[in-house]
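# Notes for the structure review
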Amino acid sequence: MSAPYLELRGLGKSYDGRTRALDNVSLTAAKGEFITFLGPSGSGKTTTLMLVAGFESASEGDILIEGRSIGRVPPHKRGIGVVFQNYALFPHRAAAENVAFPLLMRKMPKAQAMAKAAEMLGLVGLERFGGRYPREMSGGQQQRVALARALVFDPALLLLDEPLGALDKNLREQMQIEIKAVQRRLGVTTIFVTHDQSEAMAMSDRIVVFDGGRIQQVGAPLDIYRYPSSSFVARFVGDSNILAARLTDPAGGQAEIAGIGTVRVPALPAARAGDAIELLLRPECLKPGSGLDNAARLTVDVIVHFGDSALVTGHAGGTPLRARLEGLAAQGISAGDTLPLSWATSSSHVIGRDAAG
Amino acid sequence: MDEAAGSPAVSRRIAPQRASLRPWLLLMPLLVFLAAFFLVPLAQVAMMSVTEPEFGFGHYASIATDGFYLRVLADTFATALLVATCCLVLGFPLAYAMAAASPNMAAAMMIVVTMSFWTSFLVRTYAWMVLLGRSGPIAALLDWIGLPHGELLFTRFSSTIAMTHILLPYMVVSLYAVLRKIEPSLLRSAASLGASPTSVLRHVVLPLAAPGVVNGLTLVFVLCLGFYVTPILLGSPREQMVAGVIGQQIEEFLNFGEASALAVVLLASTLIVLGLYHRRFGLDKLWG
């Protein structure tokens, strides 16, 4: 087996020698992969990024690119492109000069560097903005200049530190698509840091979920969404119902939920009857009517219409439940109504247990 | 109807006028003080320079032609330039370290820097006399190492070093004000883009700190032009500065006319420097 393109090997970081900001972070990435570090603030995702960029040094562990350790290489010799949340464009240089900066630092002749910078600005759709200063550009334009500058020198790795945090919603979605397109076109291995789970879902080949300085789960976006390994991941990625249940027949896949009654769950041959489990039911898996495997009657407390969908919050027995219904199907529902809902057993997941099949 | 429509407009027009008088009333004590104790005496000095002992521009003519005065003026400008440069060279690393330090550390460093402000001017000047004297510690150290040295005290060297010491805080504060505003992410981003620490300094920090450098240089230069006590006590008698010569003209020769003319020339030079600064950068930025 050949060495992975990027490898984080047991990274740890402590600022005061006692509390650990980062603990045993290990990860490998293939060339060209788009990996997102997802987690709340203080979860260790940005610290990990800083270690990879070389702005801080790890207390333990090592970082390898193509099998070579870069743990002791100073940041300016790592050849890693970084895009910062506040863009970090040089205010005293025009856009094209910003983009040419890394080339000039690499001793490329000025004319050649400016030509390459112009080409790169074209790639991010700013061919006519080379002479503008950062203060004369919008947030989205500055963001693109920062991206062009981080990519123009063919970096070994592209790091993006919450780069879309300062943009408004529409622009953010547009930039997600553009960043992804440029990344795929250049085939650069990318680490993207965000606390926005929908951004992570939309952009990543794989998501790494961080919490408390540790990696909680690594996987493809849909795998993480459907089969979260902990209730933290289930709550952090997407909207969720997490129902406390008790297994009555593990091999046959039956459990008891207070207020709902007996439901079918994915079979857990290794578990024992009487075990407490957490059952994840995504709100959009609850369908109106009683046509699916399991049924519950929802008493509606609040309904919020979004047009394309509606979020219904209520309870079944004593168990709180959220359901996301299609906009048309939700028409006419109001608070106080009792709603028959049902879900397919295969759309539910027992948290912390391997997906059966 | 017309009156009814007109009166609010009139009262609205008057009201702000009445209100705008109040700040001026508050400023009156200061304005009276400045007029009585600064503008009037200054005008008197200007008068004296053309009336004492008789009316005419003879004093200015002699300043413009007399080799002694021209050399004093040249020495004054040269010294001020040298002191400003020394302050920049010494102050930049200090201000840079302060900007990079943690807030607590930066505050502590700022206290140390401004501490010399709290020590009396004269005490600091006499301290340099002790340090640089013929039997002082620095001479002793140089003797011990075996470095040949001439007289340390009463030279351009001794007055320059003391003035640099006294004016350094102005430079450090000017530089710190701009360096502190440089986003740390700019330095990180420059490093990630391949800039070595020296390149970061040259291509990012220095260009962004330029306004502070110009401010500090102007401030120190202008303040140094008028220095009196330090050059008198520590400087070479052969390389006097203008302020010292003015004092000498009054105290030793009772030549009020000549002294006044020199004072006017000094004031004019200072205003010219500040005027040049103002045309290029705007005077309101000088104090940060």
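Residues numbered from 1 in each chain as written. Chains lettered and ligands numbered in written order. Predicted model: local features only at pLDDT ≥ 70, side-chain atom pairs only at ≥ 80, totals over all residues. Heavy atoms only, no water.

### With respect to the interface of chain B and chain A
Using the following cut-off: We call two residues contacting when some pair of their heavy atoms lies within 4.5 Å. The quantity reported as buried area is the accessible area (1.4 Å probe) lost by two parts once they are put together, taken as the sum for both. Note on definitions: salt bridges are taken to be side-chain nitrogens of Lys or Arg within 4 Å of carboxyl oxygens of Asp or Glu. Here a polar contact is taken to be a pair of N or O atoms separated by no more than 3.5 Å, where protein atoms must pair a possible hydrogen donor with a possible acceptor and residues adjacent in sequence count only if both atoms sit in side chains. Here a helix means four or more residues in a row that DSSP labels H or I, a strand means two or more in a row labelled E, and each is numbered from the N terminus. Gly falls in the polar group here, along with every residue not listed as nonpolar (Ala, Val, Leu, Ile, Met, Phe, Trp, Tyr, Cys, Pro) or charged (Asp, Glu, Lys, Arg).
Between chain B and chain A, the contact holds 18 residues from the first and 22 residues from the second. Buried area between chain B and chain A, summed over both chains or domains, comes out near 1700 Å², and the portion from carbon and sulfur atoms is 67%. Counting the surface chain B buries against chain A, the share from its top three residues, B:Arg188, B:Ser192 and B:Leu193, is 40%. Scanning the region where chain B abuts chain A turns up one salt bridge. With its nearest N and O atoms 3.7 Å apart, the salt bridge here joins A:Glu56 to B:Arg188. If you look at where chain B meets chain A, you find six residue pairs in polar contact (both at pLDDT 80 or more). Elements that contribute at least two residues to the side of chain B that touches chain A include exactly helix 8 (184-192) and helix 9 (197-225) of chain B. Top contributing element to the side of chain B that touches chain A by residue count: helix 8 of chain B, with seven residues. Of the residues contributing to the side of chain B that touches chain A, the split by class is nine nonpolar, seven polar and two charged.

### Here's the deal with the UniProt feature "domain: ABC transporter" (unreviewed entry) in chain A
Convention followed: UniProt positions are given in the numbering used here, feature names are shortened, and annotations may be inferred rather than shown by experiment.
The UniProt feature table records "domain: ABC transporter" (unreviewed entry) at residues 6-237 of chain A. A helix fraction of 36% and a strand fraction of 24% characterise residues 6-237 of chain A, whose end C-alpha atoms lie 25 Å from each other.

### A word on unusual backbone geometry
Condition: Between buried and exposed lies partly exposed: a residue is buried under 20% and exposed over 50% of the maximum accessible area for its type, with that area taken using a 1.4 Å probe on protein chains only.
Of note, the amide linkage connecting B:Glu52 to B:Pro53 takes the cis form, showing an omega dihedral of -5°. You can see B:Pro53 is positioned in the loop between helix 1 (2-51) and helix 2 (58-65). Phi angles above zero are rare outside glycine, and A:Asn24 is one such case at about 50°. In this structure, A:Glu66 is a non-glycine residue whose phi angle is positive, near 50°. Within the element layout of this structure, A:Glu66 appears in the loop between strand 4 (60-65) and strand 5 (68-69). Residue A:Glu66 is classed as partly exposed on the basis of its relative accessible area, which comes to 49%.

### A short note on the sheet that holds strand 12 (residues 254-257) of chain A
Cut-off, in case you're wondering: Any two strands are treated as partners once DSSP identifies two or more bridges connecting them.
The five strands lie next to each other as 13-12-11-14-20 (chain A), forming an open sheet whose pairing is antiparallel. With partners counted over all chains shown, the strands left at the sheet margins are strand 13 (261-264) and strand 20 (349-350) of chain A, one partner each.

### Structural notes on the pairing of strand 3 (residues 34-38) of chain A
All names here are of chain A. For strand 3, the tally of buried residues reaches five of five residues, placing the bulk of the element in the interior. Where burial is concerned, the two faces of strand 3 agree: the one with Phe-34, Thr-36 and Leu-38 and the one with Ile-35 and Phe-37 are both buried. Sheet topology note: the strand 3/strand 8 (residues 190-194) ladder contains five bridges and is parallel. Bridging across to strand 8, Thr-36 finds its partner in Phe-192. In terms of strand pairing, strand 3 meets strand 9 (residues 206-211) through four bridges, oriented parallel.

### With respect to the domain arrangement of chain A
Residues and elements named next belong to chain A. What counts here: Start and end points for every domain follow an automatic or database-based domain assignment.
Domain parsing of chain A yields domain 1 (6-233) and domain 2 (239-350). Its C-alpha centre places domain 1 at a distance of 38 Å from the equivalent point of domain 2. With six residues of domain 1 at the interface, the matching set in domain 2 holds eight residues. Taking both partners together, domain 1 and domain 2 bury about 610 Å²; carbon and sulfur atoms supply 42% of that area. Contact with domain 2 buries surface across domain 1, with Tyr-225, Arg-226 and Ser-231 losing the most and accounting together for 71% of the total. Counting across the interface, domain 1 meets domain 2 through zero salt bridges. Between domain 1 and domain 2 we count four residue pairs in polar contact (both at pLDDT 80 or more) in total. For the side of domain 1 that touches domain 2, the element with the most residues is helix 7 (residues 221-226), which contributes three residues. Class assignment of the residues belonging to the side of domain 1 that touches domain 2 gives a composition of four nonpolar, one polar and one charged.

### Considerations on the pattern of salt bridges
All names here are of chain A. Taken as a whole and assessed by the stated rule, the structure comprises 16 salt bridges over all chains. Glu-162 serves as the salt-bridge partner of Lys-45, at 3.6 Å between the closest nitrogen and oxygen. With Lys-45 in helix 1 (residues 45-53) and Glu-162 in the loop between strand 7 (157-161) and helix 5 (169-186), the pair connects residues that are 117 residues apart, well separated along the chain. Residue Lys-45 is classed as buried on the basis of its relative accessible area of 3%. We classify Glu-162 as buried; its relative accessible area is 10%. Here Arg-322 and Asp-239 are joined by a salt bridge, their closest N and O atoms 2.9 Å apart. Here Asp-239 lies in the loop between helix 8 (231-236) and strand 11 (241-249) and Arg-322 lies in strand 18 (residues 319-326), a separation of 83 residues in the sequence. Judged by relative accessible area, which is 25%, Asp-239 ranks as partly exposed. Each of Arg-20, Asp-23, Glu-60 and Arg-214 takes part in one network of salt bridges that share partners.

### Quick word on the packing of aromatic side chains
The way to describe two aromatic rings as a pair is by their centre distance and the angle between their planes. Keep this limit in mind: Here a pair means two rings of Phe, Tyr or Trp (six-membered ring of Trp) with centres within 6.5 Å. Their orientation is stacked below 30 degrees between planes, edge-to-face above 60, and tilted elsewhere. Here, a charge over a ring is recorded when the distance from Lys NZ or Arg CZ to the ring centre is within 6 Å and its angle to the ring normal is within 35 degrees.
Here the structure, examined in full by the defined rule, presents 13 aromatic pairs over all chains. Ring centres of A:Phe34 and A:Phe192 lie 5.8 Å apart, and the angle between their planes is 35°; on these two criteria the pair is classed as tilted. Here the residue A:Phe34 occupies a position in strand 3, and A:Phe192 occupies one in strand 8, the gap between them amounting to 158 residues. Judged by its relative accessible area of 0%, A:Phe34 is buried. When the centroid spacing of 5.0 Å and the interplanar angle of 55° are considered together, the rings of A:Phe37 and A:Phe210 count as tilted. Of this pair, A:Phe37 sits in strand 3 while A:Phe210 is found in strand 9, placing the two residues 173 residues apart along the sequence. Three or more aromatic residues joined by ring pairs form one cluster here, namely B:Phe55, B:Phe57 and B:Tyr60. When the ring centre of A:Phe90 is taken as origin, the NZ or CZ atom of A:Arg149, which lies over that ring, is 4.7 Å away.

### Quick look at the sheet that holds strand 3 of chain A
All names here are of chain A. Operational definition: Here, axes are lines fitted to C-alpha atoms. For helices the fit covers the stretch in contact, and angles between N-to-C directions go from 0 to 180 degrees.
In spatial order, the strands read 6-7-8-3-9-10; together these six strands make up an open sheet with mixed pairing. Because the sheet does not close on itself, it has two edges, and the strands there are strand 6 (80-83) and strand 10 (214-219). Pairs of neighbouring strands in the sheet enclose a mean axial angle of 20°, with direction left out of account. The pairing of strand 9 with strand 10 spans five bridges and is antiparallel. Note on strand 10: the bridge partner recorded for Val-208 is Val-218. Sheet contacts for helix 1: strand 3, strand 6, strand 7, strand 8 and strand 9; angle to strand 7, the most-contacted strand, approximately 145°.

### Some thoughts on the domain arrangement of chain B
Residues and elements named next belong to chain B. Split by domain assignment, chain B resolves into domain 1 (1-51) and domain 2 (59-285). In this assembly, six residues from domain 1 lie in contact with nine residues from domain 2. For the pair domain 1 and domain 2, the summed buried area comes to about 470 Å², and 76% of that belongs to carbon and sulfur atoms. Looking at the side of domain 1 facing domain 2, the largest losses of area belong to Val-45, Met-48 and Ser-49, adding up to 78% of the total buried there. If you look at where domain 1 meets domain 2, you find zero salt bridges. Our count for the contact surface shared by domain 1 and domain 2 stands at one residue pair in polar contact (both at pLDDT 80 or more). Counted by class, the side of domain 1 that touches domain 2 contains five nonpolar, one polar and no charged residues.

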